[in-house]
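Single-letter residue listing:
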Amino acid sequence: MPEQRSRATVAAPGVLVILGASGDLTKRLLMPALYNLACDGLLPPEFTVIGMARRPLDTPAFREQQRQDIQRFHTRREFDAGPWEWLESRLHYTAGEFGDPDAYRRLRETVLEVGGGTASAGNTLLYLAISPEFFETVNGLLDAAGFTQLPGSRKIIVEKPFGKDLDSAVALNRSLLAHWREDEIYRIDHYLGKETVQNLLAFRMANGMFAPLWNANHIDHIQISATETVGVETRGEYYDKTGVVRDMIQNHLMQMLAYVCMEPPASLEPTVVRDEKSRLLHAVRLLGREQAVRDCVRGQYGPGTNADGTTAVGYRQEPNVDPHSNNATYAALKLHLDNDRWAGMPVYLRSGKSLWKRGTEIVVQFKPQPGVDGEPNLLIFHIQPFQGVEIRMQAKRPGPTFHLQRAGMRFDYAETFEATRGTGYEVLLYSALNGDPTLFSRTDFVEASWQIVQPILDAWKESRAADFPNYPAGTWGPLAAHALLARDGRRWNECIQRDVLMRSEFFAKAPSVLLNNLALACQPLAVDAGTTIVEQGERKSDLYVVCRGELEAIGATGDRLGLLRAGECFGEMALLDDRPRNATVRAMSPCDLLVLTATDFRRIVEDFPEAEAEFRRIAARRR
Ligand code: BG6
């Protein structure tokens, strides 16, 4: 275990220049993050922020604007005026067009004027909060105005998107490296600002009990999912040129993959950590065209329903999106890592917009214990919105017989730490001030991650997706993503939250222990229109909860007995009365279901007799 770092101390003095300071990023993230650092006493006395943007403001007007914005965007429980006043008095502004060389000369004068003679003068941070199309021009003009020669240390902080494909990312790197040294370039991936992502490394390095198991001998596979309920909202223009692979997978999911699968670094030295991360990405097997088509599923959302029941438009109907767009808003991929540790073990990644739930989770599924039935052990890193780590295991059910049951152990950040909800940018700004590049992406990492996704982008570019849109907004994504794992005899492990269950009449009033049990036991099943889910006469007795869509129940004589819609259940009667299914149930539209296996259902009704009574009551009423 490498040496531990001490508690955070005040950051190094510095001048932070924000280019594009009148934009969204500054007011929503950068300023609230600086304010949080100020509240926590982590900004040095010698600290200055200089904003530059096109908007013709002066320093008092900029301060006034920021003062109003911070009221809306700060993340603290209560606004504390003292630290804000302290920070506000350090804000400066200079107006300028990004293509105007004079603007940079003026900016340099301001930097020297406000920082000159103080300790902050030796540490200049240039934050490019601007569209990437200006990167090249701005870097050239910064260089021409002497910023690359400023005394002391200089850092250029770059926001994503970092290229739109491998070639453009390489070109962008070359253009940056023409002006700055590698150790001066700080590329932001905001996922690295998340505590739960940073914890991946801490968890692996500090908890020796997992280290011997961390390989393909013991782990069956790993799933990394980042699902969102939001669609593209107002970002159609950007997103339609970008898509999910560039927007989420090339950067955020690759970072998580690296942290979970890299070799444990010998120390926490930035170079050592970043070397291991890059090495891991270089071990990802590059997909050929055929493999890309076979192992990568793409999706695009069509019109649907949001979780709150409101209507959701399809991607092609979103503002500033081409009505015939072939852009993917969902992707699921299977990758292999060709190194000693992971040989033969797949990693599945998926991400998408307009899905049934928001959640970023990493599920490490261990190999089953020989001779033991039941679900294998799962280690789940909950990145967001729930933040924690969970172990799912088997436990003996209380009672005179020897029966196993799924049980869980959870570490919940909110219960363990007293931390204020931040923006995630605090640690990034703090690290940049201190010249610690650990949480920033290096050239080799960025290029390696583009190398991984480029064959997928190429394969998809070659052919239009004939079936787009292929998942309704608010659902569990395209069916093909489930088939991708089913082909390997696996399934996505969904982390179901209670609210999904509580939408069903059956579980609406269930006590929390029952809901916890159900949330562990239920698994989603997405089916297409026309799929028969249960057959009349069969003796299988799983229970199904309808989350979306419409199904018909057909009796022995072929008559329709009724329709089943969201919130309803079916299959419980065969189990409660121990008899064959009395109806065939067929999906009439694409449907999302939750499935509770007969064994789990039986166990749950045994443990919660009042739930059984409630199921019977609801079932009888439906009959
Ligand atoms: C951004 C993407 O990088 O990450 C967005 O451009 C996405 O499309 C966002 O919504 C997700 O971030 P988070 O922190 O909400 O998971």
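Before reading further, recall that the structure is shown in the block above.
In short, a report on the structure. Just so it is clear, the model here is predicted, and its values are computed rather than measured.

1. Some words on the overall build of the protein
At step 1: Helices and strands together make up the secondary structure of the protein, namely 20 helices and 26 strands.
At step 2: Over its C-alpha trace the protein gives a radius of gyration of 27 Å, about what one expects of a compact globule, namely 25 Å for 623 residues.
At step 3: With the C-alpha coordinates of the protein rotated into their principal frame, the extents come out at 90 × 55 × 50 Å.
At step 4: For the protein, with 623 residues in total, the buried portion stands at 56%.

2. Points about the side chain of Glu159
At step 1: Tracing the backbone shows Glu159 in the loop between β5 (153–158) and α6 (166–177).
At step 2: Buried within the structure, Glu159 lacks any salt-bridge partner; its nearest side chain of opposite charge belongs to Lys160, at an N-O separation of 7.6 Å.
At step 3: A distance of 2.6 Å separates the side chain of Glu159 from the side chain of Tyr127, its partner in a polar contact.
At step 4: Here Tyr425 takes part through its side chain, which lies 2.8 Å from a polar atom of the side chain of Glu159.
At step 5: Look past the residues within four positions of Glu159 in its chain and what remains in contact with it is Leu25, Tyr127, Leu128, Phe135, Ile188 and Tyr425.

3. Notes on helix α2 (residues 59–73)
At step 1: The end-to-end C-alpha separation of α2 is 20 Å, in line with the 21 Å expected for 15 residues at 1.5 Å each.
At step 2: Within α2, burial applies to Phe62, Arg63, Gln66, Asp69, Ile70 and Phe73. An end-on view of α2 places all buried positions within 130° of arc, on one side of the element. Away from its buried face by more than 90 degrees, α2 exposes Pro60 and Arg72.
At step 3: Contacts made by the buried residues of α2 are with α1 (24–39), β2 (47–53), α3 (81–88) and β3 (91–95).

4. Observations concerning unusual backbone geometry
At step 1: In this structure, Pro161 follows Lys160 across a cis peptide bond, with omega equal to 5°.
At step 2: Among the structural elements, Pro161 can be located in the loop between β5 and α6.
At step 3: The omega torsion across Gln384 and Pro385 is -5°, close enough to zero to call that bond cis.
At step 4: Examined against the element boundaries, Pro385 turns out to sit in the loop between β15 (378–384) and β16 (388–396).
At step 5: Of note, the phi angle at Asn320 is positive, near 65°, even though the residue is not glycine.
At step 6: Residue position: Asn320 is located in the loop between β11 (311–312) and β12 (330–336).
At step 7: Overall, Asn320 belongs to the exposed group, its relative accessible area being 54%.
At step 8: Its identity as a non-glycine residue notwithstanding, Ser354 has a phi of 55°, on the positive side.
At step 9: As for its position among the elements, Ser354 is in the loop between β13 (346–352) and β14 (359–366).

5. A word on helix α10 (residues 270–283)
At step 1: Look at α10: 20 Å from first C-alpha to last across 14 residues, which is about the 20 Å you get at 1.5 Å a residue.
At step 2: For α10, the set of buried residues is Pro270, Val273, Arg274, Glu276, Lys277, Ser278, Leu280, Leu281 and Ala283.
At step 3: Buried positions along α10 lie against β6 (185–187), α7 (195–206), α9 (243–261), β12 and α14 (443–462).

6. Things to note about the nonpolar core
At step 1: Within the largest apolar cluster, 175 residues are counted, with the highest numbers of intra-cluster contacts made by Leu19, Tyr104, Tyr127 and Ile222.
At step 2: In terms of residues, this core owes the most to one element, α9, which gives twelve residues.
At step 3: Residues contacting Tyr127, with those up to four places away along its chain left out, are Leu16, Val17, Ile18, Leu19, Leu25, Leu30, Ile157, Glu159, Ile188, Tyr425 and Leu429.
At step 4: Grouped together as the second largest cluster of nonpolar side chains are 15 residues, Tyr544, Val546, Leu564 and Val595 included.

7. Remarks on the packing of α9 against α14
At step 1: Interaxial distance between α9 and α14 falls to 10 Å at its minimum, and their mutual angle equals 135°. In terms of axis orientation, α9 runs oblique to α14. Crossing of α9 over α14 shows right-handed handedness. When α9 is examined against α14, the residues Val245, Arg246, Ile249, Gln250, Met254, Gln255 and Ala258 are found in contact with a partner set consisting of Phe445, Val446, Ser449, Trp450, Ile452, Val453, Leu457 and Trp460.
At step 2: When its residues are assigned to classes, the contact of α9 with α14 shows eleven nonpolar, three polar and one charged.

8. Quick look at the pairing of β15
At step 1: Most of β15 is tucked away, with seven of its seven residues classed as buried.
At step 2: In terms of strand pairing, β15 meets β16 through five bridges, oriented antiparallel. Residue pairing in the sheet places Leu378 in a bridge with Arg392 of β16.
At step 3: Taken together, β15 and the strand that follows it, β16, pair antiparallel across an intervening segment of three residues.

Reading the values: the criteria
- Residues numbered from 1 in each chain as written.
- Predicted model: local features only at pLDDT ≥ 70, side-chain atom pairs only at ≥ 80, totals over all residues.
- Heavy atoms only, no water.
- Helix = DSSP H or I, 4+ residues; strand = E, 2+ residues; numbered from the N terminus.
- Rg over C-alpha atoms; globule rule 2.2 N^0.38 Å.
- Buried < 20%, exposed > 50% of the residue type's maximum accessible area, 1.4 Å probe, protein only.
- Lys, Arg positive; Asp, Glu negative; His and termini not counted.
- Salt bridge = Lys/Arg side-chain N within 4 Å of Asp/Glu carboxyl O.
- Polar contact = N/O pair within 3.5 Å; in protein donor to acceptor, adjacent residues only side chain to side chain.
- Contact = heavy atoms within 4.5 Å.
- Expected span 1.5 Å × (residues − 1).
- Arc of directions from axis to C-beta.
- Core = buried A, V, L, I, M, F, W, Y, C linked by side-chain atoms within 4.5 Å.
- Axes fitted to C-alpha atoms, helices over the stretch in contact; angles between N-to-C directions.
- Parallel < 35°, antiparallel > 145°, perpendicular 65-115°, else oblique.
- Left-handed = near helix turned anticlockwise from the far one by under 90°.
- Nonpolar A, V, L, I, M, F, W, Y, C, P; charged D, E, K, R; others polar.
- Pairing = 2+ DSSP bridges.

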